[in-house]
Amino acid sequence: MRVTGLRVDRRVEPIGVDEPAPLLSWRLDGDGRGLAQSAYQVVVGAGADPAGGDVLWDSGTVESDRSTGIPYAGPALRPSTPYRARVRVRGADGEWTAWSEPGGWETGLLGGFGAASCWVTSAVERDEPAPPDLDTVAPLRSLHRIGAVEPGPAVFTTEFELPAGRRVLTADAVFTAAPPDPGDGTATDGTVPAVTVSVNDLDVPAVGSALSALRPGRNTIAVRSGSGNLVGRLDIALDGLAPLTVGTDDTWRVGDALAVSLGAHGAPPWGRDPLTHRPSPYLRREFTVSGRVRRARLYATAGGVYSVRLNGSQVGDEHLAPGWTDYATRLGYRTYDVTAQLRSGGNALGAVVADGWYAGNVGFCRSFHYGRTRSFRAELHVWTDDGRHEVIGTDTAWRTGTGAVRYADLQNGTVIDARAEPVGWDKPGFGADWPAAVEVSGPRGTVEAATKPPIRVQREVPARRVERRGGARWIVDFGENLVGWVRLRARGPAGTRIVLRHAEMLDHTGELYTEALRTARATDEYVLRGDEAGETVEPEFTTHGFRYAEVTGVPGELDAADVTALVVYADMPATGTFRCSDGTLNRLQDNIVRGQRGNFLSVPTDCPQRDERLGWTGDAQVFAATAAFNHDVSAFLRAWLTDVRDAQRADGAVAHVAPDVLTGQLDPDQAASPGWGDAIVIVPDRLWRAYGDDRVVRECLPAMRRWLAYLDRDDAPRHPSGGFADWLAVTPTDKDVVNDAYLAYTARVAAGLARVVSDVDGAGAFDAIADRARDRFRRRHLGGGGRVAGGTQTGYVLALTAGLLTADEAPLAVARLAAEVLARNTHLTTGFLGTPWLLDALADGGRPDLAYALLRQEEYPSWLYPIVRGDATTIWERWDSWSDARGFADPGMTSFNHYAYGAVGDFLYRTLGGLAPAEPGYRRITVRPRPGGGVTSATTTLDTGYGTVEVAWSLGPFRLDVTVPPNTTADVHLPAGTAAPASDEPGVLAVAPGPDGTTVVTTGSGRYAFGG
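As the structure is a computational prediction, the values presented were derived from the model and not from experiment.

A. Main features of the overall build of the chain. Counting secondary structure elements, the chain contains 15 helices and 58 strands. The C-alpha atoms of the chain give 31 Å as radius of gyration, which agrees with the globular expectation for 1012 residues (31 Å, within 12%). Viewed in the frame of its principal axes, the chain has a C-alpha envelope of about 95 × 80 × 55 Å. In the chain, which comprises 1012 residues, the share counted as buried stands at 59%. At a minimum sequence separation of 6, the contacts of the chain that also span at least 24 residues come to 74%. Summed over all atoms, the accessible surface of the chain reaches about 36500 Å², with 49% contributed by carbon and sulfur. Side chains of the chain carry 102 positive and 125 negative charges; the gap between the two charge centres is 2 Å.

Okay, here's the thing in structure tokens:
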């Protein structure tokens, strides 16, 4: 036996770690069955391999079979210091292994940035006002470019009313036009046509104040555009009243005719008006390194998102760093190993900062949620062979400019003008005389090491089909709904403007279906610099959710090889696989995984495409168990739970979304929905079960107490209007039924978590809350014969799952649930909260046949309907986001990449696949496949902290193959009629009878075959 795979906080050789006691784990490897550990010894050295004798901490012999989650318990860690570790273990036979190969970690700053750096930006960024908004007139309402029916110059008019007796405080006009549309799809890059504006026959600036021209009552705006198109707005602030915005749309007139919409602002061929550009600050610093570099680390963060370059090369391979947090509370810094990129002598370090979540559009509220001024802070630490430690920090010695990134927004897209990129700006010797950086205050939050996994490009997807739509316009199909952006290869004269738009679906005419994006433009523009050999362009500071892209303005032909989709998501190792004999169920699993990846970038968002993309708590809690199977989400969701705690209100209410950007934007009550706020309890529970790390339990327990105490109050309001309840259910369930059942369930889960960390008093308090909620449910919502008030599927599912029924009542409730399903012609009617537990309630209640019938149902509403009828490649927000009967659902809320209903994956893996944790972290494993629904075989694998578990079964006759990793045991449930091995067979620890004629075989590690 040997020790392998030494990890720290489940990562291999992490750097920039601020944990004071990181957790060490290792795996065992060897031949044969029954490999197990009886003791371990860990040695750690600071900056050196402890095998050389430089031991900082020696655990000594620890009599324990634990091989995961061992906390470092040596002297206090020092900042920016590498630590090396080795492990040896004693096997069950009493023999010690050899020492493992060294592994380890490196600490971060352990306290944030010091005096060597400050927040910096450009003077222009600090001083200039924000550009005008030509995208939205109000949340969820877009501004449109309008045109006349006939080509040529036109005068556009509209009227509006101002109330008498109210003083007008300000009236700011912004009206602009673009060159005429050549009509062949080619983009234009010419002189902006003249625009003249009058209000009530008085001339006012096209961009400026119209205050002097306004009057009470009816007002008239007239705008003359030399090109026959127009986009703009007049914003009026009134004393004591809500502001009024008059924006361009198709209710304006040209003479007696109505104007026509030419698309939302930013649409091709014109793209985004230059008035709205917001060039990203470019920052640079040249410095000299003397001597041979032994080690170099760059620590960086931003008010915004950034990319860093060193001596002409990109630093790292992540995107949208440092990720999204509540910048008013905390923000992360990233750590980069730049040793190989430094050189002796002259060096140049540069950064580009874009809006990101800090200053860009977030959700459907507004931009500048956290701040307007984009800024950067970094420290480059260099250790040389002669023992020197030098720090180059951001300060006013840095220089600032602008470049190709003219606009960058996560939702709207980017504008990149390659002609504006300063050649060599990121290399030593750059000759331009850029002005000095200025110091600014930066975000208010505490700076600490980022714990969210970095966002990286994970796949490249080639174009499946490219179809020309007349002129210089193409529709590209990538064959799957994905999240990322498009990399394009093009050649054309300098100034050629190429516009890419993105969408998840095509409409009935074969054009992009963009209505469901609401106000998100999802549009990228590129202005070519004119390289004769061609140019490769892609955005850097945005993402889109799409299957299809419209490309406008490419000169000549567009070949499929010129267009590639880049798929991005958080760097979470893939852990689980599921495959079975039913190809449609396999597609369902693929859709679940693809939807998870597309929504797990920096926080678990509801959707990745429209003007929302928020960390909805309810979506995350129902999906957490499924997520933990598909990927290692231990760091991702633990970090997000910090966001949830940061967003919790003083009264204990948990916000609907985390980070919380809704409170104060829509109304002050964007919190306190049962089933949503319960994420603060349920997600830690799912992480504890999946990984066995109790840190997340300890971190969240105080927040759990406050949340459940809030819900236990009779006067505590639930929002909105009693809570979201069983969101988007086909048949709604009374909110009180949902709320009372969920409180009983969640409080009981919290009690179990309190016991995990030996909080006996806390467990008792949670149990008391659960008992009161159970009594309340039974008193208010339960009738005789197992009847739940309302009789909905969700009502029965919640009552059964939350343990609200007696042993006599439960079978009666299952029968009523089954009857309700059958009355719907074997269709589900559940929503976000009822769906995850529906199949379990039936299967565990003795109706697995009905559970599998629902799982394999292909008609609406069902999991397979979107696949069979809609060619879905991700999970949809609604059961009928598109349907045969009515086409697209309400575009105000229709997403085609929304993972919540993918929570059924947990049933696939546990019940059909037969793989579940019997103890947290899979230290003990339950193997219990339950074939049904006509599925004849299934294979399920999971990479755990101990190694890979595999469960493969097939029918005709029944055969079960199981792989159990070292230092674990498995309880293998064999169906009646399957021969059991002898209890003294190698690796077999026990053989015992189970219920209904089954046999439970307990094994140690190794490979086993049963039946066949």
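B. How the structure looks around the sheet that holds strand 3 (residues 37–46). Ordered in space as 4-3-6-7, the 4 strands form an open sheet in which the pairing is antiparallel. Since the sheet does not close on itself, it has two edges, and those belong to strand 4 (57–58) and strand 7 (103–106), each with one partner. Relative to strand 4, strand 3 runs antiparallel, the two being bridged by 2 bridges. The partner of V44 across the bridge, within strand 4, is W57.

C. Molecular detail of the nonpolar core. In this structure, F478, L488, L588, V633, W640, L708 and L960 are the most contacted members of the largest nonpolar core, which totals 202 residues. Counting residues per element, this core draws most heavily on helix 8 (residues 735–756), which supplies 13 residues. In this structure L488 touches I498, L500, E535, T536, V537, V551, V554, L558, D562 and V563, once residues within four positions along its chain are discounted.

D. Summary view of helix 13 (residues 848–855). Of all the positions in helix 13, only L850, A851, Y852, L854 and L855 are classed as buried. Those residues of helix 13 that are buried are in contact with helix 3 (583–599), helix 11 (809–823), helix 12 (835–844) and helix 15 (905–912).

E. A look at the pattern of salt bridges. Per the stated rule, a full pass over the model turns up 85 salt bridges. The partner of D477 in a salt bridge is R547, and the shortest N-O contact between them spans 2.9 Å. On the criterion of sequence distance, the pair formed by D477 in strand 39 (residues 473–490) and R547 in strand 45 (residues 544–552) is long-range, its members being 70 residues apart. With respect to burial, D477 and R547 carry one shared label: buried. Each member of the salt-bridge network shares a partner with another, and the members are D9, E19, R638, D693, R695 and E699.

F. Representation of the UniProt feature "domain: Alpha-L-rhamnosidase six-hairpin glycosidase" (unreviewed entry) in the chain. Annotation from UniProt places "domain: Alpha-L-rhamnosidase six-hairpin glycosidase" (unreviewed entry) at residues 574–911. Across residues 574–911, the secondary structure splits into 51% helix and 3% strand, with the terminal C-alpha atoms separated by 21 Å.

G. Highlighting the packing of aromatic side chains. By the definition in use, this model includes 38 aromatic pairs. For the pair Y327 and Y358, a centre-to-centre distance of 5.1 Å together with 75 degrees between the ring planes defines the contact as edge-to-face. Here Y327 is found in the loop between strand 27 (318–319) and strand 28 (330–337), whereas its partner Y358 is found in helix 2 (residues 356–359), with 31 residues between them in sequence. Classification of Y327 by relative accessible area gives buried; the value is 1%. In this structure Y358 comes out as buried when scored by relative accessible area, which is 6%. Members of the aromatic cluster, connected to one another through ring pairs, are W57, Y72, Y83 and W105. Between the NZ or CZ atom of R88 and the centre of the ring of W96, over which it lies, the distance is 4.3 Å. A cation sits over an aromatic face here: R295 above W383, 3.8 Å from the ring centre.

H. Examining the side chain of T835 more closely. Tracing the chain through its elements places T835 in helix 12. Residue classification places T835 among the buried positions, given a relative accessible area of 3%. A polar contact of 2.8 Å, which involves the side chain of T835, links it to the side chain of T830.

I. Up close: the UniProt feature "domain: Bacterial alpha-L-rhamnosidase N-terminal" (unreviewed entry) in the chain. The positions UniProt marks with the feature "domain: Bacterial alpha-L-rhamnosidase N-terminal" (unreviewed entry) are residues 292–458. The distance separating the terminal C-alpha atoms of residues 292–458 is 35 Å; by composition the span is 2% helix and 46% strand.

J. Fine view of the pairing of strand 12 (residues 154–162). The side-chain alternation of strand 12 yields one buried face, formed by A154, F156, T158, F160 and L162, and one unburied face, formed by V155, T157, E159 and E161. Of the pairings in the sheet, the one linking strand 12 to strand 17 (residues 217–225) comprises 9 bridges and is antiparallel in character. Of the residues in strand 17, the one forming a bridge with T157 is A222.

Scoring rules and cut-offs
- Residues numbered from 1 in each chain as written.
- Predicted model: local features only at pLDDT ≥ 70, side-chain atom pairs only at ≥ 80, totals over all residues.
- Heavy atoms only, no water.
- Helix = DSSP H or I, 4+ residues; strand = E, 2+ residues; numbered from the N terminus.
- Rg over C-alpha atoms; globule rule 2.2 N^0.38 Å.
- Buried < 20%, exposed > 50% of the residue type's maximum accessible area, 1.4 Å probe, protein only.
- Contact = heavy atoms within 4.5 Å.
- Areas by Shrake-Rupley, 256 points an atom, 1.4 Å probe, with all protein chains shown as cover.
- Lys, Arg positive; Asp, Glu negative; His and termini not counted.
- Charge placed at Lys NZ, Arg CZ, Asp CG, Glu CD.
- Pairing = 2+ DSSP bridges.
- Core = buried A, V, L, I, M, F, W, Y, C linked by side-chain atoms within 4.5 Å.
- Salt bridge = Lys/Arg side-chain N within 4 Å of Asp/Glu carboxyl O.
- UniProt positions renumbered as here; feature names shortened; annotations may be inferred.
- Phe/Tyr/Trp six-rings, centres within 6.5 Å; stacked < 30°, edge-to-face > 60°.
- Lys NZ or Arg CZ within 6 Å of the ring centre and 35° of its normal.
- Polar contact = N/O pair within 3.5 Å; in protein donor to acceptor, adjacent residues only side chain to side chain.

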